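# Descriptive structure summary
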Amino acid sequence: MEEPRETFSTSEGHGGEIVVETHVVESTESASHVHLACSRQHCAFPLDGDALCVWSTQDPSHQPLILRGHHRPVTAVAFGNAHPLLLCSASRDRVMMWNLGECREKMLDGQPPRGTVLHTLLGEVLCLRLSPDDRVAAVCAGERILMLDTELKQVCGLSGFSGFETSVWLWDGCSHLGPGASCRQREARVPRPGVLPFPLAQGVQFSQSRRALVELGRHRGPVTAAEFCPWQTHVIISASADRSFKVWDRRKGSLIHSSSVLTASSLLSLVLDPGSQQLVAGSADGQLWVFSLAEGHHYRCVTRVDLRKQRDTFSTRKLSSCPEDSRLPPTKEEVEETLPVLSLAPCECELNASCLWIGSSAGLFIFNLANFELEAVLHFKEFGSLSIQVAGSCAMMSRPCGRKAFCLLSALFGKKIALLEVDLAALLRSQPRPGMGARLSVLPSSGVLPTSPLYFGPIEETSAKLAPQKRSAARAIVKDQPLVFHSKVASSGYTAAPRVTMFSPKTNVQNDGKRPSKCKNSYRCKDYPLESPLPSKLSRQLAVSHDQAAVHCVQYSAGDGQRLACGLANHLSLVFSADLTGTPAVFSGHSGAVSTVCWSHDGRWLLSASQDGTLRVWSARRQELALCLGKDMFPRPVRSAQFYYLDAFILLSSGPEFQLLKCHISTGKDDVRRYKQKSRCTPVLKLPTTEAVEVTSLSAVNEFYSYLVLAAGRNRTLEVFDLNAGRSAALLAGVHSRPIHQICQNKGSSFATQHPQAYHLFATTATGDGVKLWDMRTLRCERRFEGHPNRCHPCGIAWSPCGRYVACGAEDRHLATATLDGKLQLFQVEGC
């Protein structure tokens, strides 16, 4: 056995130790397709075919433990989950159980270790698993799934026998079968004599005992993986080369669920996460399938992840963070390599999320179950001094502290077996992160800069200088001036209407001592009940038009939430009451489908953008047009538009840029030129995206002062702009698999109080790629929500006023507020 060797990262800038090769050994037979085992204290693998070698992960200098008892090559190894630590091994001739504590004591005393024979002649065993209490062993022999009782003992060790035994009695029993066992299973357990096809080694003794052997069922192909459910110990899940998985009840001996064919390649590995109650299956073609095992979810598929695409996206992010002169183009070999999912294991690291180890032939990956993305990648080829560059089988384990992890590898094209020690903290630090300058925050931490486009100037000084300017102008009227006709001309009064009394004060009103309110509303502002259940009862459904025009957008009025605006495909904008009763207010004037509607913060104005290339601002009270911006201002149709900075600006996107317009909106008109509006709009800033691609969605906070603007590009990028500095602050590539069609920020509500840190959350959605939840401070995807059908149409998303929920539309009309058939649906809480 070779001496331990140290391996350091060859990547520049990492500067720390990541991988240490503690053990390496070369066997006489290859173990490239054997299920290896790795626990918190030990790791085990077949050595020279029929022997077992156990290494200590706590003390590398500890003497290896060699276990002998098999006559055929060992094909599967598994550790137990209870104390004392057990090790189960299987070959074609027998399935054995080893107590590692007793075996090490016998080895120190100079005696050969002894094992327990559980069963014999089961065929080729590809996978072994022990139940959480170590009382039952799941043996995957060929297409069968067998349950073995591990409490009864048959001792295999040295005794006074000599010579060869040609025939022994092997006993099976049905005394431990459950009440749901079938008659076929009971008839198959009749005690019968068996003849071993090989001579017994010297000193092998079999004790005659009855043992429970239950066959749960069969797959249509060899069973490659099996796992016991941690939160339901009577449930076991198996995966097979027939490309499906099955869920069994081992107490009743019955099948609970059988999946359909998932992929074109065999399923190789399984793992169950107790926190999220999800099942993750890995296939030979590098696909990861995540299923929900929660009650009532009916084993629905949450998502499917292509490991190779995730690796390429991760590598692209890594290259973008490196200097241009150090970037190397990918070779043809790297592009064409496959990433079979050889093994899956829980990963306990410093990230605040459930993570998994993914073992593949090319390297190790840390996979985040919250956002279904890679957190770290470790390629074997990047560490040149490793003994194994391409793995055929692997097993991983993380210690509870989350600092160290161990990986046991067997070579694919050789006979070497190596144990790697991985420093998780150093590995995570070496991974690329989104490049940002200062820490981003939705809440402003400093005042507006004088050079910022949001700067209004010193208001007090301007007002103080107005009076002297007027006096100096009055003194200057001593010279002859050209004749000017002003717009307002004093009338002589001959054609004026007779004077009438417009207002007569009431003098007999009794004062009750209460202060009159300046703003009288027909609603009462109540606090939002944070602990109330979600609205699930359909209370009202309304068809908005006779021609079933599609509803493209909806938005409740800011502040009071008493009005609902919607934009239709028939060029109209409608405003309903919040309960969808009464006659809606109609705003007409667009010549194309209305794509965006937005309320002002004070609720006085309604903004609408259409595919006809115009943007209009309406008076919500008078139902008349206050401002119209035509095609001469925008090079391309406006895709997104909204009020910004507490209604001081209008923010919109047109083509590859977004514009900031300073607006003064008024419904008053000139007395002479009645066609001319008093509303004014001045362009303040135009910022193109970094890669000059079309902006598909735009978002900013208008409920309070904020400097940040989010823009999504056609090339699947997400860019953050800081308008206080007037530049781009961060750029994320490959955010979704398709272009983002909506960005939704948690903007808060006047009806609920949220923690200040909650305003940093925002969500993005893309057709066919679910919903992602992001943190503005780190620009990390914290959560990913999938499972709702959204393959063709861009379905919208919205935050709840309390900030605890995100609602999303679906193509099966679940959780929908506006639908393509021109109907509005209003949901409320059950019992209301």
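Residues numbered from 1 in each chain as written. Predicted model: local features only at pLDDT ≥ 70, side-chain atom pairs only at ≥ 80, totals over all residues. Heavy atoms only, no water.

## Quick word on the overall build of the chain
Across its full length, the chain holds seven helices and 56 strands. Out of the 832 residues belonging to the chain, those deemed buried represent 48%. Across the chain, every contact between residues at least 6 apart in sequence was considered, and the portion connecting residues at least 24 apart equals 54%. Here the chain displays about 42100 Å² of accessible surface, and carbon together with sulfur accounts for 51% of that area. (Helix = DSSP H or I, 4+ residues; strand = E, 2+ residues; numbered from the N terminus. Buried < 20%, exposed > 50% of the residue type's maximum accessible area, 1.4 Å probe, protein only. Contact = heavy atoms within 4.5 Å. Areas by Shrake-Rupley, 256 points an atom, 1.4 Å probe, with all protein chains shown as cover.)

## Looking at the side chain of Ser 393
Within the fold, Ser 393 resides in strand β30 (residues 391-398). Overall, the relative accessible area of 9% leaves Ser 393 in the buried class. When sequence neighbours within four positions are dropped, the list of residues in contact with Ser 393 reads Ala 31, Ser 32, Val 34, His 35, Leu 36, Leu 342, Leu 408, Leu 409 and Ser 410.

## Overview of the pairing of strand β18 (residues 223-228)
By the criterion of burial, β18 is predominantly enclosed, with six of the six residues buried. Relative to strand β19 (residues 235-240), β18 runs antiparallel, the two sharing five bridges. When the bridges of β19 are listed, Ala 226 appears paired with Ser 238. The turn joining β18 and β19, which pair antiparallel and follow one another in sequence, is formed by six residues. (Pairing = 2+ DSSP bridges.)

## Let's talk about the sheet that holds β18
Overall, antiparallel pairing links the four strands, which are arranged β18-β19-β20-β21 in an open sheet. The sheet is open, and its two borders are formed by β18 and β21 (254-258), each paired with just one other strand. Put simply, the sheet's adjacent strands are angled 25° from each other on average, direction ignored. (Axes fitted to C-alpha atoms, helices over the stretch in contact; angles between N-to-C directions.)

## Describing the pattern of salt bridges
In the structure shown here, the tally under the stated rule is 18 salt bridges. Close ionic contact of Lys 404 with Glu 421 constitutes a salt bridge, the shortest N to O distance being 3.7 Å. Linking Lys 404 in strand β31 (residues 404-411) with Glu 421 in strand β32 (residues 416-423), this pair joins segments that are 17 residues apart in sequence. According to the relative accessible area criterion, Glu 421 is buried, its value standing at 19%. With a closest N to O distance of 3.7 Å, Arg 639 and Glu 694 form a salt bridge. Placement of the pair is Arg 639 in strand β42 (residues 638-644) and Glu 694 in the loop between β45 (680-688) and β46 (695-700), with a sequence separation of 55 residues. Among the ionic contacts, a cluster of salt bridges with common partners joins Glu 375, Arg 780 and Glu 782. (Salt bridge = Lys/Arg side-chain N within 4 Å of Asp/Glu carboxyl O.)

## Focus on the confidence of the model for the chain
Taken residue by residue, the chain gives an average pLDDT of 79. The fraction at 70 or more is 75%. Ignoring residues within four places in sequence, the model shows residues 153-210, a span with pLDDT below 50, making 110 contacts including any to other chains. In the model, residues 506-523 has pLDDT below 50 throughout and makes two contacts with residues more than four positions away in sequence or in other chains. (pLDDT = per-residue confidence, 0-100.)

## Some words on the packing of aromatic side chains
Inspection of the entire model under this criterion finds 12 aromatic pairs. Judged by centre distance (5.9 Å) and plane angle (20°), the ring pair of Phe 456 and Phe 649 falls under stacked. Taken together, the residues span a long stretch of sequence, with Phe 456 in the loop between α5 (424-429) and α6 (459-464) and Phe 649 in strand β43 (residues 649-654) at a distance of 193 residues. An angle of 55° between the planes, with centres 4.6 Å apart, marks the rings of Tyr 645 and Tyr 705 as tilted. Of the two residues, Tyr 645 is situated in the loop between β42 and β43 and Tyr 705 in the loop between β46 and β47 (708-713); the sequence distance between them amounts to 60 residues. One aromatic cluster in this structure is built from Phe 456, Tyr 644, Tyr 645, Phe 649 and Tyr 705. Directly above the aromatic system of Trp 289 lies the positively charged group of Arg 304, at a separation of 5.6 Å from the ring centroid. (Phe/Tyr/Trp six-rings, centres within 6.5 Å; stacked < 30°, edge-to-face > 60°. Lys NZ or Arg CZ within 6 Å of the ring centre and 35° of its normal.)

## What to know about the nonpolar core
General note: in soluble globular proteins, nonpolar side chains tend to be found buried as a group. Counting 32 residues, the largest nonpolar core has Trp 357, Ile 366, Leu 378, Phe 380, Leu 409 and Leu 427 as its most contacted members. Sequence-distant contacts of Ile 366, that is, excluding residues within four places in its chain, are made with Cys 347, Cys 355, Leu 356, Trp 357, Glu 373, Leu 374, Glu 375, Ala 376, Leu 424, Leu 427 and Leu 428. By size, the runner-up hydrophobic cluster in this structure holds 21 residues, among which are Ala 712, Ala 729, Leu 732 and Ile 740. (Core = buried A, V, L, I, M, F, W, Y, C linked by side-chain atoms within 4.5 Å.)

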